[in-house]
Protein chains: 2
Amino acid sequence: MSPGLERPVRVALDAMGGDEGLAAAVEGAARLTTEDRPVQVLLVGDEPQLSAALAQQRYDPAWLQLVHAHDWVRQDEKPHEALERRPQASIHVAADLVKQGHADALVSAGNTGCTVLAASQRFERLPGIRRAALASVYPTEQRHGERGDPFALMLDVGATLNASAEDLVGFAVMGSAYARIISDNPAPRVALLSNGTEPTKGTPAIIAAHQVLAGMRSVNFAGNVEGLDIPRGSVDVIVTEGFLGNVVLKMLEGVSEVVVDLARDAYARKFLYRMGLTMLSQGIRQLRTMTDWKQYGGAPLLGLDHVVIKAHGRSNARAFRNAVKVAAKAVDRDLAGQIRAGMSPPGAGQPPSSP
Amino acid sequence: MSPGLERPVRVALDAMGGDEGLAAAVEGAARLTTEDRPVQVLLVGDEPQLSAALAQQRYDPAWLQLVHAHDWVRQDEKPHEALERRPQASIHVAADLVKQGHADALVSAGNTGCTVLAASQRFERLPGIRRAALASVYPTEQRHGERGDPFALMLDVGATLNASAEDLVGFAVMGSAYARIISDNPAPRVALLSNGTEPTKGTPAIIAAHQVLAGMRSVNFAGNVEGLDIPRGSVDVIVTEGFLGNVVLKMLEGVSEVVVDLARDAYARKFLYRMGLTMLSQGIRQLRTMTDWKQYGGAPLLGLDHVVIKAHGRSNARAFRNAVKVAAKAVDRDLAGQIRAGMSPPGAGQPPSSP
């Protein structure tokens, strides 16, 4: 799956179905074509609309190709029904491009459930992975990895209810591989989210996963963390089941909404800076960064043999550009191979059976 | 349990084992004796230490009585072992005062697990309540009830793993009764925390509890809420199982730690106010309020036939005063009777059996 250096990475970008229309996806793709290290983008969607949006942009046509799709899934449609009712939908077309080897990775702006389902229907789960997981970056107080990344990774934030110990171990391996590749973090600290730091705290699945992870060499396991550690960012990767991950992630969104009015006031921040109240100004700027985190790339779907990134519904051009670049980086550095290696490291423990 | 107006409420306050020593508990109790509507406080702990601390305070001895206990549980001890090993511990003495009718309510500064266990060993569960729950107030953007209370209530934040539908329904009734009494909110809006607002979202227990609550007249049921709604405060009472409640609550603590340095800067806020940047100053003050929420009373243990409040380990004198006043209010307004009535309302649905 990992192309040699001689060939640029090709990303199929489903531009349809985002909350803000396709203009941002098209602009993000156009920008990429003029950068130093281009990515080959296959822009999938309604051709007349794509062409009209593209006409507004400066771009290098050598690096951008339109692929027409008659139809697309709307944000509020139910995944199973929508994918059946719309066999010509852009997400089908984009996922098929990857399946058939015309593209190396899938990036989607549309309906999350449909993206996950379309990918799961076509791509293979990696050995030992029972369930794919949706991961999300989120802002933390502490920085991560060699680049001082202000974001940590949490997974699953998707649909897993009642994750088994085996699932949680898989999530830990996948999150570790992704953080290593994307944040240039050679040994990301990975922890299980629980209601106490002791190995005996949590659900039976958490307790069993803790035991297995403590014996695995392929994961830099930091034990259990508590709710406190989520905003602090004490670790680089937080592992949890999808229900809890969903609640926690939406709660972080809610917290950022509460401070957004304050943090948005750019005039006030500038004024404070001039008055010498630098500490206060910086604090507010930091809050603002935290409220803007949805603009930084997308959520990877981990555990399949192809790279899949779900861009946030409200992504701007910069976020789409970032999502495509992240996908290309994951292909270049062989994310699937890294996960495979992590699941069966020499001399390490085997994943457990379900508790 | 509810005394007539002729007799003041008597609260047994276990002053031992808090993170900050007993001085704050003693000062809080002393303050109460000089207020307009006094509460009879039975201050339980090591008599020499209590006397020494009390000598530093102005108080009315008619309203304050010392009850000696030879021993006390330390913060890091395991509840079961500690209660067995220390039969003379202050929490035993204080809970016995309530059990034997010498006091109407129990307030404890010590080890949370021991407080819950000592109370559960002595007091009866109310009819239909299978598990007691620890509830916590937390700060929200929106205000609640007639007094414009800036706090909402969440339960369970204690130890329940795998809460059944029956448990969740009980939590909803108990939370509703508590919010009605303490926040002067005649019909508090109660919701289940889930990963989507539709009645079909969540674990089997949540889905089943949703159905029952939708048919109960004694609860003003607002359906499911998501993580977003926690900091917003869209509802007055959020119902969840203890594992998730614990993670969410600790996460809120973590978020407030992240903004605390900014919000603490009183000089900066005053300066902003003078400069006319009122909006910004108010925003920061609001953040400060949110970071100080642990100082506002304590966490009630709900579902037993006596009022039990766990004061936060780091409570100051004002927080202890508030915790005792809240306990007295709950006794005065017959919290247990309100929960009993809510569990068997005329013409309403019965709690379901476990799914």
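Structure first, text after, so check above.
Small disclaimer: the values here were computed from a predicted structure and weren't measured.

Analysis parameters
- Residues numbered from 1 in each chain as written.
- Chains lettered and ligands numbered in written order.
- Predicted model: local features only at pLDDT ≥ 70, side-chain atom pairs only at ≥ 80, totals over all residues.
- Helix = DSSP H or I, 4+ residues; strand = E, 2+ residues; numbered from the N terminus.
- Buried ≥ 20, exposed ≤ 12 C-beta atoms within 10 Å, placed from the backbone.
- Contact = placed C-beta atoms within 7 Å.
- Pairing = 2+ DSSP bridges.
- Axes fitted to C-alpha atoms, helices over the stretch in contact; angles between N-to-C directions.
- Parallel < 35°, antiparallel > 145°, perpendicular 65-115°, else oblique.
- Left-handed = near helix turned anticlockwise from the far one by under 90°.
- Nonpolar A, V, L, I, M, F, W, Y, C, P; charged D, E, K, R; others polar.
- Core = buried A, V, L, I, M, F, W, Y, C linked by C-beta atoms within 7 Å.

J.: Would you explain the overall build of chain A in this entry?
T.: In terms of regular secondary structure, chain A is built from 13 helices and 11 strands. The buried share of chain A, taken over its 355 residues, is 57%. Nonlocal contacts in chain A, meaning residues at least 24 apart in sequence, comprise 74% of its contacts between residues at least 6 apart.

J.: Got a minute to help me understand the sheet that holds strand β5 (residues 133-144) of chain A in this structure?
T.: What holds strands together in a sheet is hydrogen bonding between their backbones, with the strands either parallel or antiparallel. All names here are of chain A. Taken together, the 11 strands give an open sheet; going across it, the order is β3-β2-β1-β4-β11-β10-β5-β6-β9-β7-β8, and neighbouring strands pair in mixed fashion. The open sheet terminates on both sides in strands that have one partner only, identified here as β3 (64-68) and β8 (220-225). Adjacent strand axes in the sheet meet at a mean angle of 30 degrees, parallel and antiparallel pairs treated alike. In terms of strand pairing, strand β2 (residues 40-45) meets β3 through 5 bridges, oriented parallel. Opposite Gly-45, over in β3, you have His-68 as the bridge partner. Its contacts with the sheet place helix α5 (residues 112-122) against β4 (105-108), β5, β10 (298-302) and β11 (307-311), and it is angled at close to 170 degrees to β11.

J.: What am I meant to see in the packing of helix α1 (residues 23-33) of chain B against helix α2 (residues 47-54) of chain B here?
T.: The relative placement of two packed helices is expressed as an angle between their axes plus a distance between the axes. All names here are of chain B. The N-to-C vectors of α1 and α2 enclose an angle of 60 degrees; their axes lie 9 Å apart at closest approach. Considering the angle they form, α1 stands oblique to α2. Relative to α2, α1 is oriented so that their crossing is right-handed. Touching Ala-23, Val-26 and Ala-30 of α1 are Leu-50, Ala-53 and Leu-54, all from α2. Considered class by class, the residues forming the contact of α1 with α2 number 6 nonpolar, no polar and no charged.

J.: How do you make sense of the pairing of strand β4 (residues 105-108) of chain B when you look at a structure like this?
T.: Working note: regular strand, side chains alternate between the two faces of the sheet. Residue and element names in this part refer to chain B. In β4, alternate side chains face the same way, and those of Ala-105 and Val-107 on one face and Leu-106 and Ser-108 on the other are all buried. Here 4 bridges tie strand β1 (residues 10-14) to β4, and the two strands are oriented parallel to one another. Across the sheet, the residue bridging to Leu-13 is Val-107, located in β4. As paired elements, β4 and strand β11 (residues 307-311) share 4 bridges and run parallel to each other. Note that in β11 the partner of Ala-105 across the bridge is Val-307.

J.: What's the story with the sheet that holds β1(B) in this structure? I'm lost.
T.: All names here are of chain B. Overall, mixed pairing links the 11 strands, which are arranged β3-β2-β1-β4-β11-β10-β5-β6-β9-β7-β8 in an open sheet. Edge positions in the sheet fall to β3 (64-68) and β8 (220-225), since each has one partner strand and no second. Ignoring strand direction, the axes of neighbouring strands in this sheet form an average angle of 30 degrees. Packing against the sheet, α1 makes contact with β1, β2 (40-45) and β3, and its axis sits at approximately 160 degrees to β2. Against the sheet, helix α5 (residues 112-122) makes contact with β4, β5 (133-144), β10 (298-302) and β11, and its axis sits at roughly 170 degrees relative to β11, the strand it touches most.

J.: Sorry, what's going on with the environment of B:Thr140 here?
T.: Residue and element names in this part refer to chain B. By the secondary structure assignment, Thr-140 is in strand β5. Linking Thr-140 and His-68, residues 72 residues apart in sequence, is a C-alpha distance of 40 Å. Other than its neighbours up to four places away in sequence, Thr-140 contacts Pro-150, Phe-151, Ala-152, Pro-231, Arg-232 and Gly-233.

J.: Teacher, can you tell me more about unusual backbone geometry here?
T.: For residues besides glycine, phi is generally negative; the peptide bonds are generally trans as well. All names here are of chain A. With an omega of -5 degrees, the peptide bond running from Leu-155 to Asp-156 counts as cis. You can see Asp-156 is positioned in the loop between β6 (149-155) and α6 (165-182). A positive phi angle is found at Asp-184, which is not glycine, with a value near 50 degrees.

J.: Could you clarify how one ought to interpret the nonpolar core in this entry?
T.: The nonpolar side chains of soluble globular proteins are, as a tendency, buried together. Formed by 239 residues in total, the largest nonpolar core has its most connected members in A:Val11 and B:Val11. Once you skip the residues sitting within four places of it in the chain, B:Val11 turns out to touch B:Val39, B:Val41, B:Leu42, B:Ala103, B:Asp104, B:Ala105, B:Val107, B:Val324, B:Ala327 and B:Ala328.

J.: Any chance you could explain the packing of α6(A) against helix α7 (residues 204-214) of chain A here in plain terms?
T.: Residues and elements named next belong to chain A. For the pair α6 and α7, the least separation of the axes is 8 Å and the interaxial angle reads 50 degrees. Here α7 runs oblique to α6, going by the angle between their axes. Viewed along their axes, α6 and α7 form a crossing whose handedness is right-handed. Touching Ala-165, Leu-168, Val-169 and Ala-172 of α6 are Ala-205, Ile-206, Ala-208, Ala-209, Val-212 and Leu-213, all from α7. Its residues assigned to classes, the contact of α6 with α7 shows 10 nonpolar, no polar and no charged.

J.: Got a minute to help me understand helix α4 (residues 90-99) of chain B in this structure?
T.: Helical geometry note: an α-helix holds 3.6 residues per turn, so side chains three or four residues apart project in the same direction. Residue and element names in this part refer to chain B. Across the 10 residues that make up α4, a large majority, 8, are buried. Of all the positions in α4, only Ser-90, Ile-91, His-92, Val-93, Ala-94, Ala-95, Leu-97 and Val-98 are classed as buried. Looking one or two residues beyond α4, the residue adopting positive phi is Gly-101, at roughly 85 degrees.

J.: Where do I start with the environment of B:Ala191 in this structure?
T.: Residue and element names in this part refer to chain B. For Ala-191, the location among the structural elements is in strand β7 (residues 189-193). According to the C-beta neighbour criterion, Ala-191 is buried, with 26 such atoms within 10 Å. For the pair formed by Ala-191 and Ser-234, sequence separation is 43 residues and the distance between their alpha carbons is 9.3 Å. In this structure Ala-191 touches Ala-222, Gly-223, Asn-224, Val-225, Val-235, Ile-238 and Val-239, once residues within four positions along its chain are discounted.

J.: Would you mind showing me how to read the pairing of β10(A) here?
T.: Residue and element names in this part refer to chain A. β10 sits mainly inside the fold: 5 of its 5 residues count as buried. The pairing of β5 with β10 spans 2 bridges and is classified as antiparallel. Of the residues in β10, the one forming a bridge with Ala-133 is Leu-302. One ladder, built from 4 bridges, connects β10 with β11; its direction is antiparallel. Note on β11: the bridge partner recorded for Pro-300 is Ile-309. If you look at the hairpin formed by β10 and β11, you'll find 4 residues sitting between the two strands, and Gly-303 has a positive phi there, around 115 degrees.

J.: Mind showing me how you'd approach the environment of A:Thr34 here?
T.: Position of A:Thr34 among the secondary structure elements: in the loop between α1 (23-33) and β2. Contact partners of A:Thr34, with chain neighbours within four places excluded, come to A:Arg58, A:Tyr59 and A:Asp60.

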